[in-house]
Amino acid sequence: MRPQTLTFCGLGTYTAKQTIDFTDKRFIAIVGDTGAGKSTILEAICYALYNRCTYAATASPLIADGGDGTLAVELTFTVGSRRWQVSRSVSRHTATSVHRLTCLDTGALTTGARQVTAEIRRIVGLDCDTFLRAVVLPQGRFQELLRMSDRDRGKVLDSVLGLEQLGQVREHARTLQARLKDRLNEYQLHRRRFLDDPAAALAAAAEQHSVQQQGLEHLQNARAAIADARAEQRRAAGAASTLTQLKESLAAAVPAGAADQLHALALQAQTLNGQRADINQLTHQLQIEQDLLQGQLTQAEQYGGNVAGTATTINTLKYLAEQLPQQRKRHRQFTENAAALAVEQLRLQGVQQSLADLEPAVAAANKTHADAETAFKRAQDRQHKAVERLRIWRGAAADLEKARAELATTEEALGTAIAKAREAAGIAEEAEHNRSESEQTHRALLKANAAAHAAADLEPGAACLICTRPLPADFTAPIAPDLTAADDAHKKARVRAEKTGRAAAVAAARVETLERDNLPAAQQSVTTAESLLSEALISLQEVVGDADLSGTDEQILKLVTDDAAKAQQDVERAGKIRDDTRDTATAARTEFVTLSEAHAKRMSAHQEQERDNVALRQSIDEAASRLPARFTLATPLDVAEVQQQKAAAEAHQRLLQELAGRRTGAEQALAGLRSRSAALETTYAKKITKPAATLRDKLLTLAQRVNDAAGAFGLEEPAAAPAAHVDLDTQAHWAADLLAQAKELLGICAAKIDEQQRAEKAAGEAIGLACHTAGAAGEEDLEQQYLAAHGTVQNLKRQIERAREELPVVNALQERIDAAAGTVDVLAQLSVVLAEGKFIADAVSRRLQALLRQASEILLSISGGRYRFAADFRIIDMDTMAARDVKTLSGGETFLASLALALAVVELASRATGHVEALFLDEGFGTLDTTFLRDALNTLTDHSTTGRLVTVISHMRSITENAEHVLVVEKSLTTSHAHWADASERERIINDDLGRGLLE
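Residues numbered from 1 in each chain as written. Predicted model: local features only at pLDDT ≥ 70, side-chain atom pairs only at ≥ 80, totals over all residues. Heavy atoms only, no water.

## Here we look at the environment of threonine 96
Part 1 of the reasoning: Mapped onto the elements, threonine 96 comes out in the loop between strand 5 (82-91) and strand 6 (98-103).
Part 2 of the reasoning: We classify threonine 96 as exposed; its relative accessible area is 58%.
Part 3 of the reasoning: Separated by 392 residues in sequence, threonine 96 and aspartate 488 have C-alpha atoms that sit 38 Å apart. (Helix = DSSP H or I, 4+ residues; strand = E, 2+ residues; numbered from the N terminus. Buried < 20%, exposed > 50% of the residue type's maximum accessible area, 1.4 Å probe, protein only.)

## Re the packing of aromatic side chains
Part 1 of the reasoning: Under the defined criterion, the tally for this structure stands at one aromatic pair.
Part 2 of the reasoning: Taking the centre distance of 4.9 Å and the plane angle of 75 degrees together, the rings of phenylalanine 8 and tyrosine 14 count as edge-to-face.
Part 3 of the reasoning: Judged by relative accessible area, phenylalanine 8 falls into the buried class, the value being 1%.
Part 4 of the reasoning: Taking the ring centre of tryptophan 980 as reference, the NZ or CZ of lysine 25 above it sits at 4.7 Å. (Phe/Tyr/Trp six-rings, centres within 6.5 Å; stacked < 30°, edge-to-face > 60°. Lys NZ or Arg CZ within 6 Å of the ring centre and 35° of its normal.)

## Section: the pattern of salt bridges
Part 1 of the reasoning: Overall, the coordinates contain 37 salt bridges when judged by the stated rule.
Part 2 of the reasoning: A salt bridge links glutamate 344 to arginine 602; the nearest nitrogen and oxygen atoms lie 1.8 Å apart. You can see glutamate 344 sitting in helix 9 (residues 307-454) and its partner arginine 602 sitting in helix 12 (residues 558-625), a full 258 residues away along the chain.
Part 3 of the reasoning: When the shortest N-O distance is used, the salt bridge between lysine 646 and glutamate 650 registers 3.0 Å. Here glutamate 650 and lysine 646 lie together in helix 13 (residues 639-713), a separation of four residues that amounts to about one turn.
Part 4 of the reasoning: Residue classification places glutamate 650 among the partly exposed positions, given a relative accessible area of 28%. (Salt bridge = Lys/Arg side-chain N within 4 Å of Asp/Glu carboxyl O.)

## A word on the sheet that holds strand 10 (residues 875-877)
Part 1 of the reasoning: Ordered by their spatial adjacency, three strands build an open sheet running 9-10-11, and the pairing between neighbours is antiparallel. With one partner strand each, in any of the chains shown, strand 9 (867-869) and strand 11 (882-884) form the two edges of the open sheet. Going across the sheet, the axis of each strand differs from the next one's by a mean of 35 degrees, ignoring polarity.
Part 2 of the reasoning: Note that strand 9 and strand 10 share three bridges and pair antiparallel. Of the residues in strand 10, the one forming a bridge with tyrosine 867 is aspartate 877. (Pairing = 2+ DSSP bridges. Axes fitted to C-alpha atoms, helices over the stretch in contact; angles between N-to-C directions.)

## Focus: the sheet that holds strand 8 (residues 136-137)
Part 1 of the reasoning: A sheet is described by the order of its strands in space; here six strands give the open sequence 8-12-13-3-14-15, paired in mixed fashion. Each edge of the open sheet is held by one strand with a lone partner, namely strand 8 and strand 15 (976-980).
Part 2 of the reasoning: Where strand 8 lies against strand 12 (residues 918-921), two bridges are found, and the strand directions are parallel. Looking across to strand 12, one finds that leucine 137 is bridged to leucine 921.
Part 3 of the reasoning: Contacting strand 3 (27-32), strand 8, strand 12, strand 13 (949-953) and strand 14 (965-971), helix 1 (residues 38-50) crosses the sheet at an angle of about 125 degrees to strand 3. (Contact = heavy atoms within 4.5 Å.)

## Here we look at the packing of helix 7 (residues 198-252) against helix 14 (residues 728-773)
Part 1 of the reasoning: As a packed pair, helix 7 and helix 14 sit with axes 8 Å apart at the nearest point and diverge in direction by 160 degrees. One element, helix 7, and the other, helix 14, form an angle in the roughly antiparallel class. Two packed elements cross with a definite hand, and for helix 7 against helix 14 that hand is left-handed.
Part 2 of the reasoning: Looking at the contact of helix 7 with helix 14, its residues break down into 23 nonpolar, five polar and six charged. (Parallel < 35°, antiparallel > 145°, perpendicular 65-115°, else oblique. Left-handed = near helix turned anticlockwise from the far one by under 90°. Nonpolar A, V, L, I, M, F, W, Y, C, P; charged D, E, K, R; others polar.)

## What about the UniProt feature "coiled-coil region" (unreviewed entry) in the protein chain?
Part 1 of the reasoning: Under the present numbering, the feature "coiled-coil region" (unreviewed entry) in UniProt falls on residues 362-448, 606-662 and 779-813.
Part 2 of the reasoning: With 100% helix and 0% strand, residues 362-448 has end C-alpha atoms that lie 122 Å from one another.
Part 3 of the reasoning: Structurally, residues 606-662 comprises 77% helix and 0% strand, and the distance from its first C-alpha atom to its last is 57 Å. (UniProt positions renumbered as here; feature names shortened; annotations may be inferred.)

## As for unusual backbone geometry
Part 1 of the reasoning: The amide bond that connects threonine 635 to the next residue, proline 636, takes the cis arrangement and shows omega of 0 degrees.
Part 2 of the reasoning: With respect to the secondary-structure elements, proline 636 resides in the loop between helix 12 and helix 13.
Part 3 of the reasoning: A positive phi angle is found at aspartate 24, which is not glycine, with a value near 60 degrees.
Part 4 of the reasoning: With respect to the helices, strands and loops of the structure, aspartate 24 is situated in the loop between strand 2 (18-21) and strand 3.
Part 5 of the reasoning: Even without being glycine, asparagine 51 reaches a positive phi, approximately 60 degrees.
Part 6 of the reasoning: Mapping asparagine 51 onto the fold places it in the loop between helix 1 and strand 4 (70-79).

## Topic: the pairing of strand 3
Part 1 of the reasoning: Of all six residues in strand 3, six are buried; the element is thus mostly enclosed.
Part 2 of the reasoning: Across the two faces of strand 3 the burial is the same, with Phe27, Ala29 and Val31 and Ile28, Ile30 and Gly32 all buried.
Part 3 of the reasoning: Bridge count between strand 3 and strand 13: four bridges; the pairing is parallel. Within the sheet, the bridge partner assigned to phenylalanine 27 lies in strand 13 and is valine 950.
Part 4 of the reasoning: Pairing analysis gives five bridges linking strand 3 to strand 14, with the strands arranged parallel. Across the sheet, glycine 32 pairs through a bridge with valine 969, a residue of strand 14.

## Here we look at helix 10 (residues 484-544)
Part 1 of the reasoning: The end-to-end C-alpha distance of helix 10, which contains 61 residues, comes to 87 Å, matching closely the 90 Å that a straight helix rising 1.5 Å per residue would cover.
Part 2 of the reasoning: By the largest-angle criterion, leucine 514 marks the main kink of helix 10, which is about 40 degrees. (Expected span 1.5 Å × (residues − 1). Bend = angle between axes of the 7 residues up to and from the residue.)

See below:
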């Protein structure tokens, strides 16, 4: 950790904002008067990093007494190559604080007191106690690392040098081993899924595949020979079967005696044809008679219509004779009903006018009642508002009394707290005064002790350690005072000042809390209660008006209550008037509805009657229009004329019926002849046509099969069959020729069948020879051998493919298993080694020896080769080679040893973690003689040239002369201020130190 910039305010004696830039600076001297605020700069760094001061676990003592009571610090620093900025602030006036850490390179942000402190500990690698013992060495704690016990020193060095990280390494190794072991188990489990030796399996499978493939090819040849013989056998069997079917089909198709049967059918056909000619002649004669009657009937129908038309005409005339009287009667009734409806319509209009006259009165009554209800609702709302606002007003009055009582209690508590705070402040002021006097006395004794040690070996005439002038002849070295009593008194005064200061701060904070929070809150409560009471009073008066608010609730609310009661009475009166008006209007409306319904029904019946009359008239006119011209009626229609036309139509109908009867007799005779003809045709079809057709179908089937057989053997096809209408004698001669050719083909089929059966037997003998040659008992055994050989070859192919696929996978997997197994073993051994106390103890011992070697080199350098460290942290005097306990060292010797140890710790920590790049020293140089001081400053200068920041707080001239940069701290009446000294100011500071002399 190396600071870059530090900005703070409200810290110690710094009430104003202060910024210090450490960038590109290596060796810094911070100088200033006692109490100016030099050490406060270290307190600012400690607070920024760890949220506390160097001498307490809190930051409260750091808050400045002046200013606004807020402490704020912002520190920019680097760790390695990363830049960080931490900001913290705290106030004695509020519990809210700010804690923010930002990585300026990545923008990563951490907030919260604990979170920021923990992150800084991780980044810097040191907790606060270790930081104060190895990096920032404040007053009174410079020699702690040197004088602490071995156990405590070991803990500090563990933190500084990163030895505690060994435990983290051990846990990481265990975690990594467990994770990698799980992965190794997965690899091994996955490896078991594959062949043990894919390469060997591939070679064995390839060899077996070659042997089995040869045997399979031999069996395939035998199967091919058998297949050829089996095909020939199937062909011969098929040909024999085909010929057999052809022979059987041809034999089955030969009809017995077909030619003779056709000759007999020809004789029967001649007899039936003579009967058919006689029936045809009689049918012709009856047809002529029927045509004559039909002509007469047609002539009669043309004059007066046919039978059906004449019957319709008679019915129409009968209908007209009946409906004409009815139509005249209905017309008279319709005229009478129309007059009655006109009178009824006038009465209905009078009732409707009376109802219209009542509507405005009903509307006015409804409006009056609605207005009354609205007024009553407003009165009720006013009454409810008055009750609610009265309740709120009385509650606000009670709240005001309560707030005033709480204010009085708070004021009394504040008076008590102020008295206690003043008392505590007086005690703290007295304790601080005693501490200041004790500190001045203690510092004077320390300077006297340092001067005594520095001048112990000087004699009159020797060079002064400050100005190098010769000492006077009467010079006597001062005697070193005893510091034990002064140390105890200084410590007690400081403890008492801190304790009383904290008590005074607590008392002041109590007063401040009461003044800032409790009292204003109580006063605000009273003000709020008074405001609410005033608002409630105004709101209440808006409703109750000038009512006397000192009376009871009933008295205050009497006016609004009476108004509500009166409004309710108005509603009841208006409701009575509205109901009476509504009843009168309802009665008038009921009468109007009743009359309207009755009138509507009678009007509907009248309209229906009108429609019926119109429909009847239309029906009569339509019926008259349908009459044929022979029976047309004159207009207007007359009942007598209708009766006359009806008698004429009935006479015409009788004539038509007579002619129709004679025509029906002729039709019946024709029908009898047609029945005889049909029966004759049926007999002819049954005895001649059907038997002849059956024989012809059989002969055609035989002809087709003879044709197929002749084509199969390459012979001449039979003669074509004669047409179906050819006489039966010709068909009988064709049938005799066809039967003779069929007999010849049956003989040829028998010879061909015998030839194919001999070929089938020869093919079977060839199959047996092929099985014997292959070493099989038969075809089934040969097939079993082939299937087994084929399965073996395919299985060997799959084995070869699997071995080829698994070979690269297994090789890669085995490489992973071997690598993981070695790493798991190494991690297990590392976990065991790091878990053993012997290793940790050895690591600690080695680091301690390295620290002592480094510290010894530095101590030898700054002590002129006189002192070095022993293995147990004692100091060896190289002049006497005696080991001295650190408690026996003088102040100067203690400072040198502590400085050497601190520089060694910084050096080793920087090597180990690279995080410690600064050192701050705040005491001790005044105890060194000139030689030791020069060597110490040279060592610090060398330390700063390595790139680290070395900061020394001192007022000695030699520090100012050797430092690369000088930060001057001054204190005014209101605040402290620090600035970098230029060359002229630096020279002035050195000259002022020369003027003060040895004892300042």
